[in-house]
Amino acid sequence: LNMIPELPGFEKININKKVIDKGAEFGKFLNKMELGKKKGIIFSFIELLQKEQTDFSNALFQIWKPKDCVIAFDEIHEFTPEHGMHMDYGSEIERAVRHWGNKNIGFIFTTQRPAFVTKKVIGLTDYLIIYRITYTSDVKAVKDLLKEMNQPMAEKIVAEIQTKPFLNGY
């Protein structure tokens, strides 16, 4: 969502309305690309609607064949929303999360609305960052995620996550 700044070692690629129908072509390009000294790529969606982001990403992930990397999604609920949210769903992103882990590809997701993320993807997550949350449904979703954890620790996390400062979390 264009919130991640340029970072050392990363190439930032802006995806805007002019190229939203080029996801598959971009996937082919990435398959041929040598990163060289760059260690990563940041895809920034510039002023796109949720459907446009999902359409581009589905086309990209259907073609792209990354190797030995970590893929991070900021605001994962925009790409794999819980059913019933009346949002487009990133089925190719779910497919990648489900299968690419076997190809030495890890995923990191961030969200401030864990209740809005499909449980199918949360259940497959390697690493989930949850910033401060306050909505009852999100607090409940975090409790559900942590229910198998040591109870005193889980209760401490649930209590603290509601009062964390901006861009702080677990």
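Rules used throughout
All residue numbers refer to positions counted from 1 along the written sequence of the respective chain. Only residues with pLDDT of 70 or above have their local features reported here, since the model is predicted, and side-chain atom pairs are shown and tallied only from 80 upward, although totals for entire chains, interfaces and linings are computed over all residues. The basis for every side-chain value is the complete set of non-hydrogen atoms in the structure, without hydrogens or water. For every residue, the predictor states its confidence as a pLDDT score lying anywhere from 0 to 100. Here a helix means four or more residues in a row that DSSP labels H or I, a strand means two or more in a row labelled E, and each is numbered from the N terminus. The term nonpolar core refers to a set of buried residues drawn from Ala, Val, Leu, Ile, Met, Phe, Trp, Tyr and Cys, joined through side-chain atoms within 4.5 Å. Think of it in three bands: with a 1.4 Å probe and only protein chains considered, a residue is buried below 20% of the maximum accessible area for its type, exposed above 50%, and partly exposed in between. We count a salt bridge whenever a side-chain nitrogen from Lys or Arg sits within 4 Å of a carboxyl oxygen from Asp or Glu. Here a cavity means grid points, on a 1 Å grid over the protein atoms only, where a 1.4 Å probe fits yet cannot get out; a pocket means an open set of points with protein on both sides within 12 Å along at least five of seven lines; lining residues are those with an atom within 4 Å of a point. Grid points are joined across faces, edges and corners, and a volume is the space filled by probe spheres set on the points. Three classes are used: nonpolar for Ala, Val, Leu, Ile, Met, Phe, Trp, Tyr, Cys and Pro, charged for Asp, Glu, Lys and Arg, and polar for all others, with Gly counted as polar. At least two bridges found by DSSP between two strands is the condition for calling them paired. A fitted line through C-alpha atoms serves as each axis, taken over the contacting stretch for helices, and the angle formed by two N-to-C directions is quoted from 0 to 180°.

## Quick notes on the confidence of the model for the protein
Per-residue pLDDT for the protein has a mean of 88; in total, 97% of the residues score no lower than 70. Looking over the protein, one finds the lowest element-wise mean pLDDT in strand β5 (residues 127-130), namely 74, and the highest in helix α2 (residues 50-63), namely 96.

## Here we look at the nonpolar core
Burial of nonpolar side chains together is a common tendency in soluble globular proteins. Counting 25 residues, the largest nonpolar core has Phe-61, Ile-71, Phe-73, Trp-100 and Phe-107 as the members making the most contacts within it. Those elements that provide at least two residues to this core are β1 (10-15), α1 (23-32), α2, β3 (69-73), α3 (91-99), β4 (105-111) and α4 (119-122). Grouped together as the second largest cluster of nonpolar side chains are nine residues, Ile-130, Val-142, Ile-157 and Val-158 included.

## Thoughts on the pattern of salt bridges
Enumeration over the complete set of coordinates arrives at eleven salt bridges. Of the charged contacts, one joins Glu-94 and Arg-98 as a salt bridge, the two residues approaching to 3.0 Å between their closest N and O atoms. Placement of both Glu-94 and Arg-98 in helix α3 is noted, with a separation of four residues, approximately one turn of the helix. You can call Arg-98 partly exposed: its relative accessible area is 38%. In the salt-bridge network here, residues are joined through shared partners; they are Lys-51, Asp-55 and Asp-88.

## With respect to the layout of surface pockets
If you add up the space inside the largest pocket, you get close to 1,300 Å³. Considering the residues around the largest pocket, the lining is formed by 43 residues, among which Ile-41, Ile-42, Phe-43, Ile-71 and Ala-72 are closest to the centre. Elements with a contribution of two residues or more to the lining of the largest pocket: α1, β2 (40-45), α2, β3 and β4. Among the elements that make up the lining of the largest pocket, the one with the highest residue count is β2 (six residues). Among the residues making up the lining of the largest pocket, the classes are represented as 28 nonpolar, eight polar and seven charged. Approximately 250 Å³ is the volume attributed to the second largest pocket. In terms of lining residues, the second largest pocket is bounded by 13 residues, among which Leu-128, Ile-130, Leu-145, Leu-146 and Tyr-170 are the most central. In the lining of the second largest pocket, the residues fall into eleven nonpolar, one polar and one charged.

## Points about the environment of Phe-45
Looking at the element boundaries, Phe-45 is found in strand β2. On the basis of relative accessible area, Phe-45 is assigned to the buried category, the value being 8%. The sequence separation of Phe-45 and Pro-5 amounts to 40 residues, and the corresponding C-alpha distance is 12 Å.

## Structural notes on the sheet that holds β3
The sheet built from three strands is open, its strands ordered β3-β4-β5 with parallel pairing. A single partner strand is all that each edge strand has here, and the edge strands are β3 and β5. For this sheet, the mean inter-axis angle between neighbouring strands, taken without regard to orientation, is 15°. Strand direction decides the pairing type here: β3 and β4, joined by five bridges, are parallel. Of the residues in β4, the one forming a bridge with Phe-73 is Phe-109.

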